[in-house]
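# Coordinates in review
The lines below spell out each chain.
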Amino acid sequence: MDAKTFWQRARVRSIRDLTADIRLFELEPAQRFIAPAPGGHIDVTVQIDGRPVVRSYSVVGPCNDGVYRIAVKLLPDSRGGSSYMWSLQEGAKLTISEPGNHFELFRGRPDYVLIAGGIGITPIYSMALALSTAGARFRVLYACRDAADLAFADDLRGLPGTNLETFVASEDQRLSIPDAITSLAPDGEMYVCGPIGMLEDARSAWAASERPIERLRFETFGNSGRYPSVSFTVKLPLLERTVEVAKNQTILEALEAAGIEAMYDCRRGECGLCALDILEADGVIDHRDVFFSEDEKAQGHKLCACVSRMAGGSVSVDTGERR
Ligand code: FES
């Protein structure tokens with residue numbers, strides 16, 4: 001837990017299912033409420049295998065009634081956070097942080113396109129609310145697997161000024177990110193939250209459009225990879241240590257649990273501070289960050305310990321520490 005952040009107890013005031021696997025939690029802070037900005041999140045301490053672990057969840061909506069709302073998707077491939085949240089009943093107590101924001105909405109642009117993949121709709125929904133209130137020009141493009149997965153779609157359709165388009169994969173509807181960029185005004189901004197493949201597509205399409213890089217803003221879930229999460233081994237030859245990473249654990253969490261120091265900041269695969277040098281990989285590296293370029297990932301010299309992992313096997317790394 002970050003000592004600089006204000007943490008407090010919170011009570012689960014209500015729980016409501018939005019879809020078969022997305023559940024909305026209302027959290028009532030015990031001490032103080034700070035209104036989150038669009039795109040903001042709170043950290044929640046969840047229990048995984050009996051140990052406290054921090055998970056970040058986007059705050060949904062303007063929360064102008066002193067209650068934080070978060071939507072949690074139950075992931076079969078979960079690292080344990082969603083299963084824990086789904087085990088809670090109304091009245092349960094949690095420890096939560098004050099709101100933070102790694103996905104800030106910049107106001108005053110002439111045009112916006114907001115793109116959501118799956119549960120990535122949560123920050124995008126809050127941004128749409130803010131843009132609608134401001135009377136801004138914007139579109140929301142929302143992709144998901146099945147029509148039944150479209151949480152918040154009805155609310156978005158009812159928002160003044162919202163132009164919502166949905167893309168349901170099971171109905172062969174495909175979102176074209178290059179087309180979305182083409183239709184955006186020259187000084188417009190694009191915001192994307194979705195799985196890693198969607199973010200990589202957005203980054204390449206944006207680069208091909210030659211628009212200023214700062215007008216593309218994105219956030220990842222930090223847990224979507226190209227391979228299922230399985231356990232694997234991290235070898236630290238320079239420390240003469242070996243650490244097992246459980247399937248519901250990140251490399252960073254496993255190192256911390258083993259008392260091995262590692263640097264980090266965002267813990268979401270965005271800042272690169274947790275990057276480790278790869279000495280040898282015995283298996284496929286599942287890069288889940290948005291910090292390294294595709295070329296850097298293909299070279300396989302480094303990985304972000306907070307999100308990336310091995311699809312089995314083992315990896316030898318250098319944390320910078322010496323025995
Ligand atoms: S801590 Fe920021 S990318 Fe890992």
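Numbers given to residues run from 1 along each chain, matching the order in which its sequence is written. Local features in this predicted model are restricted to residues of pLDDT 70 or higher, and side-chain atom pairs are both shown and tallied only at a pLDDT of 80 or more, whereas totals for entire chains, interfaces and linings draw on every residue. To get the side-chain values, all heavy atoms of the structure are used, and hydrogens and water are removed first.

Right, let's get into the packing of aromatic side chains. Whether two aromatic rings pair depends on their centres lying within 6.5 Å, for rings of Phe, Tyr and Trp, where Trp uses its six-membered ring; planes under 30 degrees apart make the pair stacked, over 60 edge-to-face, and the rest tilted. For the structure shown, the criterion picks out five aromatic pairs. Their ring planes at 35° and their centres at 4.7 Å tell us that Phe-33 and Tyr-68 sit as a pair that is tilted. Taken together, the residues span a long stretch of sequence, with Phe-33 in the loop between strand 2 (22-29) and strand 3 (41-48) and Tyr-68 in strand 5 (residues 68-73) at a distance of 35 residues. Only protein chains enter the accessibility calculation, which uses a 1.4 Å probe; a residue whose area is less than 20% of its type maximum is buried, one above 50% is exposed, and one in between is partly exposed. On the basis of relative accessibility, which here comes to 0%, the residue Tyr-68 falls in the buried class. Among the aromatic residues, those joined into a ring-pair cluster are Phe-103, Tyr-112 and Tyr-191. Placement of a charge over a ring requires the Lys NZ or Arg CZ to be within 6 Å of the ring centre, with the centre-to-atom vector within 35 degrees of the ring normal. The ring of Tyr-264 has Arg-267 sitting right over it, with the charged end atom 4.4 Å from the ring centre. Helix and strand assignments follow DSSP, with helices taken as H or I runs no shorter than four residues and strands as E runs no shorter than two, numbered in order from the N terminus.

Next up on the list: the domain arrangement of the protein. Segmenting the protein into domains produces domain 1 (7-97), domain 2 (112-220) and domain 3 (232-318). For the purposes of this description, domain bounds are those given by an automatic or database domain assignment. Once you take the C-alpha centre of each, domain 1 and domain 3 turn out to be 27 Å apart. Listed by partner, the interface residues are ten residues for domain 1 and seven residues for domain 3. Of the roughly 660 Å² buried at the junction of domain 1 and domain 3 (both faces included), carbon and sulfur atoms supply 36%. By salt bridge we mean one thing: a side-chain nitrogen of Lys or Arg within 4 Å of a carboxyl oxygen of Asp or Glu. Here domain 1 and domain 3 share one salt bridge between them. Across the pair Arg-55 and Glu-253 runs a salt bridge whose closest N-O atoms are separated by 2.9 Å. If one sorts the elements of the side of domain 1 that touches domain 3 by residue count, strand 4 (residues 51-58) sits on top with four residues. In this analysis, two residues are considered to be in contact whenever any of their non-hydrogen atoms come within 4.5 Å of each other. In short, buried area is how much 1.4 Å probe accessible area vanishes from two parts on joining, totalled over both.

A pair of strands is labelled paired if DSSP reports no fewer than 2 bridges between them. Ordered by their spatial adjacency, five strands build an open sheet running 13-12-18-14-16, and the pairing between neighbours is mixed. Pairing within the sheet leaves two strands with one partner each, and these edge strands are strand 13 (241-245) and strand 16 (302-304). This sheet shows a mean twist of 40° between the axes of neighbouring strands, independent of strand direction. Sheet analysis places strand 12 (residues 232-236) next to strand 13, joined by five bridges and oriented antiparallel. Counted as the bridge partner of Thr-233 is Glu-244 from strand 13. The convention used is that axes are lines fitted to C-alpha atoms, helices contributing only their stretch in contact, and that angles between N-to-C directions extend from 0 to 180 degrees.

Another point: the sheet that holds strand 2. Strand order in this open sheet of six strands is 4-3-6-1-2-5, and the pairing throughout is antiparallel. Of all strands in the sheet, those bounded by a partner on one side alone are strand 4 and strand 5. Across the sheet, the mean angle separating the axes of adjacent strands is 40° when strand polarity is ignored. Sheet topology note: the strand 3/strand 4 ladder contains eight bridges and is antiparallel. In the strand pairing of strand 4, Gln-47 is matched with Pro-52.

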